[in-house]
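# Structural description and commentary
Chain by chain, the residues:
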Amino acid sequence: MIMKKVTTILSIAVMSLFFSTVNAQQAVGIKGGLNIASLSGFEGRDRISGHVGVFLHHTINKNWCFQPELLYSGEGQRYMSGGVERTLALGYLQLPLMIQYYPAPQIYLEAGPQFGLLLSAQDKADDEGGQINAKDDFTTGQVAIGLGIGYKASEKLILYGRYNFGLTDVSRFDNIVDHSNVGQLGIAIRLKHH
């Protein structure tokens, strides 16, 4: 039931991302950067990975903008098991729907929900060649809230930082609650204005 709702929301949001008809100035762009990810139910080091994708930037007025995005995001956790450090590598298709507020022309603050679809889950030891497909141990969907800040270096180049606070339990382990929390640093490039 929950998966049906997440799938429906993802479908609607993806359609709005690519077929939006808001009467506002729009810009299409690409973005990517560094992920520093962890799972709340695990102890260990953060997993360093990345994110990459596309966005559609809507300027509503001089202070407010709406920016839906479609990103591939590497998440997960590094942890110890039997004296061996392992990496739990989760790959998600993420759909952030961010509202941006510009208190000054070059600086923005942003917040919004993010809906995720699990694409892959690998559990691998750093010193061994073997890896385990752990996709069945994790839920198909996840929901998070993103908070961020950005700096518009030019009309085309934006530097940003964002933190995504996981709201849903991403694991299927009964006795452990795992929220996926991800810090992001990256660069966005606006390719085309409409």
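Notes on the structure follow. (Residues numbered from 1 in each chain as written. Predicted model: local features only at pLDDT ≥ 70, side-chain atom pairs only at ≥ 80, totals over all residues. Heavy atoms only, no water.)

## With respect to the pattern of salt bridges
Applying the stated criterion across every chain yields a total of seven salt bridges. Note that Glu69 and Lys31 form a salt bridge whose closest N and O atoms lie 3.0 Å from each other. Of this pair, Glu69 sits in strand 3 (residues 64–81) while Lys31 is found in strand 1 (residues 25–39), placing the two residues 38 residues apart along the sequence. With respect to burial, Glu69 and Lys31 carry one shared label: buried. Close ionic contact of Glu110 with Arg162 constitutes a salt bridge, the shortest N to O distance being 2.8 Å. Linking Glu110 in strand 5 (residues 107–125) with Arg162 in strand 8 (residues 157–166), this pair joins segments that are 52 residues apart in sequence. Both residues of the pair, Glu110 and Arg162, belong to the buried class. A single network of salt bridges, built from pairs that share partners, joins Lys31, Glu69, Glu110 and Arg162. (Salt bridge = Lys/Arg side-chain N within 4 Å of Asp/Glu carboxyl O. Helix = DSSP H or I, 4+ residues; strand = E, 2+ residues; numbered from the N terminus. Buried < 20%, exposed > 50% of the residue type's maximum accessible area, 1.4 Å probe, protein only.)

## A look at the environment of Ala27
Of note, Ala27 is situated in strand 1. Using a relative accessible area of 1% as the deciding quantity, one classes Ala27 as buried. Residues Ala27 and Thr59, spaced 32 residues apart in sequence, show a C-alpha to C-alpha distance of 8.4 Å.

## Here's the deal with the nonpolar core
If you look at the biggest cluster of nonpolar residues, it comprises 10 residues: Leu39, Tyr79, Leu88, Leu90, Tyr92, Leu118, Ala121, Ala134, Phe138 and Val170. Taken together, the elements giving at least two residues each to this core come down to strand 4 (84–104) and strand 5. Residue contributions to this core peak at three residues, all from strand 4. Sequence-distant contacts of Ala121, defined by excluding residues within four places in its chain, comprise Ala89, Leu90, Ile132, Asn133, Ala134, Lys135 and Phe138. Within the second largest apolar cluster, seven residues are counted, among which are Cys65, Ile158, Tyr160 and Ala188. (Core = buried A, V, L, I, M, F, W, Y, C linked by side-chain atoms within 4.5 Å. Contact = heavy atoms within 4.5 Å.)

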